Structures are given as structure tokens and as C-alpha cells.
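# What the coordinates show
One letter stands for each residue in the lines below.
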Amino acid sequence: MKNTPAHLDILDSHSLATASLENLYRIFTVPEAPNSTLGAIDKEISDNLMGFLTDRIVARERSLKAIEADFSGSQIPEVPQFVSDYTDFVLEKLVAQSVHTAAPGFIGHMATPLPYFMLPLSRIMVALNQNLVKIETSKAFTPLERQVLGMLHGMVYEQSDEFYAENLHNSERALGSFCSGGTTANITALWVARNRMFRPTEGFQGLAKEGIAAAMAHANYDRLAIVVSERGHYSLSKAADVLGIGRNNVISVPTDASSKISLDALRATCAELTANGTGIVSIVGIAGATETGQVDPLTEMAAVAQEFGTHFHVDAAWGGPTLLSNTYKHILKGIELADSVTIDAHKQLYVPMGAGMVVFKNPSALGAVEHHAEYILRAGSKDLGQYSIEGSRPGMAMLVHAAFHIIGRKGYEIIIDQNVQKAKTFARMIAAHPDFELITDPELNILNYRYVPAAVQAKLAAVDTEAQKVINDVLDRANRRMQKQQRAAGKTFVSRTRFSQHRYGGQPVSVFRVVMANPMTTLETLQIILDEQVELAGREGTKAILAEIPLES
Ligand SMILES: *Cc1c(COP(=O)(O)O)cnc(C)c1O
């Protein structure tokens, strides 16, 4: 039995179905009976989603190696399996071993819990299986997607009613592109920026047709660059790679003490690049840095972009929905000056994974990447597939549309205000605790901190940078160990990152990262997380590491 594929092992106790046309007709037509395994699960999820997730996901950590053993067969099963048997496998081997991202104590990543209505609505979306590449396969879904992009455009740019009346459903225009996520949205924005920089002119058919080598020769550039702060998301390097700009040419500008891009350094970087024959494809501002949540000074960055005649993109994948809060939208001031803005719906709009968007101030900008194909995308049509990297695309816009209507701006405002206020409260709890060091005071709803015993904090404050480095290296090991143990225990979760700290002369240190986005997270949850960390710090292994720091001098 040694070489039996794993999928056959779990079938040992079950009978196999038979492959026949009749049985195939069944799986395409007959719904599962309510008392079947799948039917029962369906009901369980409908009745109590949180209960389903809490009960069915096992918190205990199993090694990835052990889990891999459940997925080791490399052959497509020859013989079909009954749906109920397969469902048993899913529950036992997949659901149980997944991550409870919606748990109130899971505040380490950008995965947000889903409002319940998303589940039945996604079913309708899946049932209809529309393809948004074109109207022929999506009909009302295309105007719906255009409307969603228009609403997002309105949220960012606040243009007049006439502007939207003229552009929303105009076949010559597109207010944005609906993508699978923030990465594709960023790539799309920079793709447009690049192609507009090398648009067709007399004797040059444009980069889109002639390619990057011809474009650079035509414009007399030695190199192209994307300029962003050192906190830029890694998707920008992917974009630079895919677009032929090169990862080394994502130029990192240092941040100031508040983790925002240094404007002097930005100006100096742009001046130097320009003087060296480098074409700046785009300056990118961050509105909610993935690691720290900080927002760059967007108004000033827009002025720099204008000064250097370059595209200004704002990566608001995380922070964009803050614009729905009248309390906090001022933090993103200047975003309306951007040529393009990325916003992820699957983050703070609480839509299931697979929904990112990029909107363009100029409704003709996307024309720079327009693509036609005779059989499918005819010029002059309203098909949104003309402007997307992806071909076939699902009707995810429906779920954004649903959330906009069912939650409403006022509903989002409540959620967002709560998130920011909770982050600020947590920051105060951390700062007030003698054994924690608050690293990033939250501007939005992300913050960073680490465990540093009070005596070590006093010592750090008293020694020079060199001695600080020695201590910080020890603290890094202790904090990393604590974070891993907390994750393994499975009760709560904060993530971990590492970035340079002004207060320690630019040394990078490892810190905990908290993303406050779950409306079900309470102050009590936050206290439990801190208490657990204190308990972890007191365990033998971590205590031994911390003891390496000499406190008597
Ligand atoms: C999450 C994020 C991205 C990438 O988005 P995906 O949806 O994960 O592709 C890009 N930029 C920022 C600032 C982000 O927070």
C-alpha cells in the first residue's frame, strides 16, 4: 500500500462512484439532498457562519509536512468519488486545517471577516457564472461594474454629476479597471503610466506597439524608474519587472521619523534621476502602508510629480476606504490629485478575496492600454475587457455593489471609525504597559510594537547606537520567538515585520504588526493578546534570550 496515492487512502472505507453519462448528468443537475453531507454543511454555514468557522477549524497547529501528506497524490483520480465522501475529506483535511482569519483575535493580517450576506450573494454570482470580459457574456453585469468603478471614482475624485453622466457608461471612456486584487491594480496603473509616457507621436507608434527598447531609444532614456518610499508594497517591484522597467529601478526613498516619505529626499531623488537620463514612469504615494499604516504627504507628492512631469499613482489598496469616513478622510487629503488610485475591495470594503480596483482621474487614460480582438473585443464597444490585464473575469463587482448598498457609506464610516479608534486605544494600552515599546503610533488602523522589558527600555535609552544594536539583535530573537509561539498556540495572532527605526539610528528591528479590521475585536480581545505575550515572554526559552542583555554595567 506504500505507493497508493493519498486520495485513495481516504477512500478505503468508502465505495466508489461509477463514471457514467447518467451520473454526470446528475452532478450537473440534481442538488444535494438537505440531509446529505454537503447539504448539512450548507445549512450549518447558513445558520451560523461564525459557529461553523469556530467549530470546524482546529486551532492546534499541525506541521505543514503532515498536512502535505494529505495532498501528495499526483494523479487525477481515475474513478469518481461520491460528493459526500469528498465533502468529508474537505471537512477533515482542508477546513479543519485552514486559518480562522475571521477570529476576533486574529489581528495580524489584512484578511477581514465577511458580512454574512456575502455568502448567499456569492452563490448567485457563481451560479450565473458571468464573464465580465464582454457584454455578450455578462449583460447587466457590465453596467454594474462600470457603476461600481464610478462610485469608487466619485469617492476619490468627487467630480460633478455631469461628469459621471457623461463618462460612466461611455464606450469611449473607462473610469477604472476591476482586477483580482491590489497587485493587478498597481500593475494596471503603472502600465497605463508607462504607455502614456511613450504614447504614439510623429514617427513613433508608441511603446505598446514598438516595445520598450524602441521607446527608450526614441525618447533618449538610459533607464526607467518608479519612485516610492522604502515602505512601498512589493507588488510595485512585480510591476516594474512585468513592465520591463526592472526591479532594481524601483527607487526607494527614505522615510522621515513618522514613517512617511521624506519630501526633500523625494525631490533630490527625482532631480538626480532626471539629470542622469532616467525617465520617471511614476511617483507612487502610499495611503496606508502595509506595514505601518502611515499615509504619505499626498498633496506635496502630487506637486513634486507635477514639477517633474510624471504620473502620480497612489497605492491606497489598504487605506482607500478611509475616504468613506467623514471623521478620518482628511488623512488622505491630496489623493484627489493622483492620476490613478488603487483600492482593494477585499480588504477594508469587506468583500471576499479577488476584488481590487484602480481608478483614473482622466477617463481617457485607460485608452493607453486598450486592446481589441475581432472575435471578442470590438473597438467602440462598452466591453471592459478592453482595459484589463486579465481576460475572463468573474462578476465580483456585484459583491462590491452589494456591500456599497447594504452597508452604505454611513455603515462603513462606523466600521472604519471603530477600527481607527480601537487601534489608538490599543496603542495607549501598549504605551502604558511597562514592558512593551510602541513603535508606530497608528495614523489609521495599523500599528507596530514589541516586547521590551522596562529595564531594557531604560538601558536602550542610555546607550549609544552601537550598544543599541547589540541589544536590539537580542530583542529581535525574543520577539520573533514569541510571535511564532503565539501563532502556534492558535488562540490569537499578530504578525511580524522588520523595518528601520529612526529612534535607533536607522537600525531595522523586528516588531509585531497589528491590523485592526475586525468589527468583532473588542478591547478585551486586545488585553488577552497582551496578557498572552507577557506570559510567553516569561517562558524559559525567551527568558534565556532576554537574559543575554547585560543590565548591570
Ligand atoms: C495589500 C496591498 C497590496 C496588494 O494587494 P493584493 O490584493 O494582495 O494583490 C498593494 N499595496 C498595498 C499598500 C497593500 O496593502
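Note that the structure is predicted; figures quoted are calculated from it, not measured. (Residues numbered from 1 in each chain as written. Predicted model: local features only at pLDDT ≥ 70, side-chain atom pairs only at ≥ 80, totals over all residues. Heavy atoms only, no water.)

## A word on the overall build of the chain
Using the following cut-off: Every helix listed is a DSSP run of H or I at least four residues long, and every strand listed is a run of E at least two residues long, numbered separately from the N terminus. Each radius of gyration is computed over the set of C-alpha atoms, and the globule rule expresses the reference value as 2.2 Å times the number of residues to the power 0.38. Working definition: with a 1.4 Å probe on protein chains only, accessible area under 20% of the residue-type maximum means buried, over 50% means exposed, and in between means partly exposed. Note on contacts: a residue pair is in contact if any heavy atoms of the two residues lie within 4.5 Å. Shrake-Rupley sampling with a 1.4 Å probe provides the accessible areas, and residues are treated as covered by the protein chains on show and by no other component. In summary, the charge assignment counts Lys and Arg as positive and Asp and Glu as negative, without counting His or the chain termini. By convention, the point assigned to a charge is CZ for Arg, NZ for Lys, CD for Glu and CG for Asp.
Within the chain, the regular secondary structure consists of 21 helices and 11 strands. For a compact globule of 553 residues, the expected C-alpha radius of gyration is about 24 Å, and the chain comes in at 26 Å, within 12% of that figure. Principal-axis analysis of the C-alpha atoms places the extent of the chain at approximately 85 × 70 × 50 Å. Looking at the 553 residues of the chain, the share that counts as buried comes to 52%. Of all intrachain contacts in the chain linking residues separated by at least 6 positions in sequence, the fraction that spans at least 24 positions is 70%. Entry remark: accessible area of the chain is about 25,700 Å², with carbon and sulfur atoms responsible for 55%. The distance from the centre of the 50 positive side-chain charges to the centre of the 59 negative ones in the chain is 1 Å.

## A word on the site of the ligand
Where we set the bar: The near set for a molecule or strand comprises every residue that places at least one heavy atom within 4 Å of it. Between N or O atoms, a polar contact is any pair within 3.5 Å; within protein, one atom must be a potential hydrogen donor and the other a potential acceptor, and residues adjacent in sequence are included only when both atoms are from side chains. In the scheme used here, Gly and all other residues not listed as nonpolar or charged are polar, with Ala, Val, Leu, Ile, Met, Phe, Trp, Tyr, Cys and Pro taken as nonpolar and Asp, Glu, Lys and Arg as charged.
The full set close to the ligand counts 15 residues, and Thr 183, Asp 315, Asp 344, His 346 and Lys 347 are the nearest of them. Contacts to the ligand include Thr 183, whose side-chain N or O atom sits 2.6 Å from an oxygen atom. A distance of 2.6 Å is found between a nitrogen atom of the ligand and a side-chain nitrogen or oxygen belonging to Asp 315. Relative to its unbound accessible surface of 380 Å², the ligand loses 86% to contact with the protein. When its residues are assigned to classes, the shell around the ligand shows 3 nonpolar, 9 polar and 3 charged.

## A short note on the side chain of Ser 510
Mapped onto the elements, Ser 510 comes out in strand S11 (residues 507–515). Assessed through its relative accessible area of 3%, Ser 510 is described here as buried. At 3.2 Å, the side chain of Ser 510 and the side chain of Arg 498 are in polar contact. Ignoring sequence-local partners within four residues, the contact set of Ser 510 consists of Arg 450, Asp 476, Asn 479, Arg 480, Thr 497 and Arg 498.

## A closer look at helix H19 (residues 465–489)
Put simply, the rule is: To estimate how far a helix should extend, the number of its residues minus one is multiplied by 1.5 Å.
Across its 25 residues, H19 extends 35 Å between first and last C-alpha, which sits within 8% of the 36 Å expected from 1.5 Å per residue. Restricting attention to buried positions, one finds in H19 the residues Gln 468, Ile 471, Asn 472, Val 474, Leu 475, Asp 476, Ala 478, Asn 479, Met 482, Gln 483 and Gln 486. Those residues of H19 that are buried lie in contact with strand S9 (446–451), helix H18 (454–462), strand S10 (495–501), S11, helix H20 (523–537) and helix H21 (540–546).

## What to know about the pairing of S11
Filter applied, for reference: Pairing between strands is defined by DSSP: at least two bridges between the two strands are required.
Counting buried positions along S11 gives 8 out of 9 residues, so the element sits mostly inside the fold. Note: S9 against S11, 4 bridges, orientation antiparallel. Residue pairing in the sheet places Tyr 449 in a bridge with Phe 512 of S11. Relative to S11, S10 runs antiparallel, the two sharing 7 bridges. Looking across to S11, one finds that Thr 497 is bridged to Val 511. In textbook terms, the turn of a hairpin is the stretch between consecutive antiparallel strands, and for S10 and S11 this stretch comprises 5 residues, one of which, Gly 505, has a positive phi near 60°.

## Some remarks on the environment of Ile 331
Mapped onto the elements of the fold, Ile 331 is located in the loop between strand S5 (311–315) and strand S6 (340–344). Using a relative accessible area of 17% as the deciding quantity, one classes Ile 331 as buried. For the pair Ile 331 and Gln 159, spaced 172 residues apart in sequence, the C-alpha to C-alpha distance is 20 Å.

## Structural notes on the nonpolar core
Proteins that are soluble and globular tend to have nonpolar side chains buried together. To be explicit about the condition: Think of a nonpolar core as a cluster: buried Ala, Val, Leu, Ile, Met, Phe, Trp, Tyr and Cys residues, connected wherever their side-chain atoms sit within 4.5 Å. How far each domain reaches was decided by an automatic or database domain assignment.
In terms of nonpolar packing, the biggest core is built from 73 residues, with Ile 283, Val 341, Leu 349, Val 351 and Val 400 touching the most fellow members. Per-element tally for this core: the top contributor is helix H8 (residues 141–157), with 8 residues. The residue makeup of this core includes at least three contributed by each of domain 2 (147–406) and domain 3 (411–546). For Leu 349, the contacting residues outside a window of four places in its chain are Leu 152, Pro 321, Leu 324, Asp 344, Met 357, Val 400, Ala 403, Phe 404 and Tyr 412. Formed by 36 residues, the second largest nonpolar core is a distinct cluster that contains Tyr 449, Ile 471, Met 482 and Val 514.

## Focus: the domain arrangement of the chain
So the rule is basically this: Two parts placed together each lose some accessible area under a 1.4 Å probe, and adding up what both lose gives the buried area. Take a side-chain nitrogen of Lys or Arg and a carboxyl oxygen of Asp or Glu: if they are within 4 Å of each other, that pair is a salt bridge.
When its domains are assigned, the chain resolves into domain 1 (6–98), domain 2 (147–406) and domain 3 (411–546). Just the C-alpha atoms count here: the centres of domain 2 and domain 3 sit 33 Å apart. Residue-level contacts link 29 residues of domain 2 with 25 residues of domain 3. At the boundary of domain 2 with domain 3, total buried surface from both sides reaches about 2,200 Å², with 54% on carbon and sulfur atoms. Three residues stand out in domain 2 for area buried against domain 3, namely Glu 291, Tyr 328 and Tyr 350, and they jointly supply 28% of the buried area on that side. Here domain 2 is connected to domain 3 by 1 salt bridge. With its nearest N and O atoms 2.8 Å apart, the salt bridge here joins Glu 443 to Lys 260. Summed over the shared surface of domain 2 and domain 3, the result is 17 residue pairs in polar contact (both at pLDDT 80 or more). A breakdown of the residues in the side of domain 2 that touches domain 3 according to their chemical character gives 12 nonpolar, 12 polar and 5 charged.

## Notes on unusual backbone geometry
The phi torsion at Lys 139 lies on the positive side, around 40°, for a residue other than glycine. Following the sequence through the fold, Lys 139 ends up in the loop between helix H7 (118–128) and H8. Residue Lys 139 is classed as exposed on the basis of its relative accessible area, which comes to 66%. Even without a glycine there, the phi angle at Glu 158 is positive, about 45°. Tracing the chain through its elements places Glu 158 in the loop between H8 and helix H9 (161–167).

## Some points on the sheet that holds S11
Cut-off, in case you're wondering: Axis lines are fitted to C-alpha atoms, over the contacting stretch for helices. Their N-to-C directions set the angle, which ranges from 0 to 180 degrees.
Pairing is antiparallel across the open sheet formed by 4 strands, whose spatial order is S8-S9-S11-S10. Strand pairing shows two members of the sheet lacking a second neighbour, strand S8 (436–440) and S10, which therefore form its edges. Taking each pair of neighbouring strands and ignoring which way they run, the sheet shows an average axis angle of 45°. Pairing between S8 and S9: 4 bridges, direction antiparallel. Each bridged residue has a counterpart across the sheet, and for Glu 437 the counterpart in S9 is Arg 450.

## Notes on the UniProt feature "modified residue: N6-(pyridoxal phosphate)lysine" (unreviewed entry) in the chain
Put simply, the test is: UniProt positions are given in the numbering used here, feature names are shortened, and annotations may be inferred rather than shown by experiment.
According to UniProt, the "modified residue: N6-(pyridoxal phosphate)lysine" (unreviewed entry) feature falls on Lys 347. Mapped onto the fold, Lys 347 is located in the loop between S6 and strand S7 (356–360). Overall, the relative accessible area of 13% leaves Lys 347 in the buried class. Those residues within four positions of Lys 347 in sequence are excluded, and the remaining contacts are Met 110, Thr 112, Ala 317 and Trp 318.

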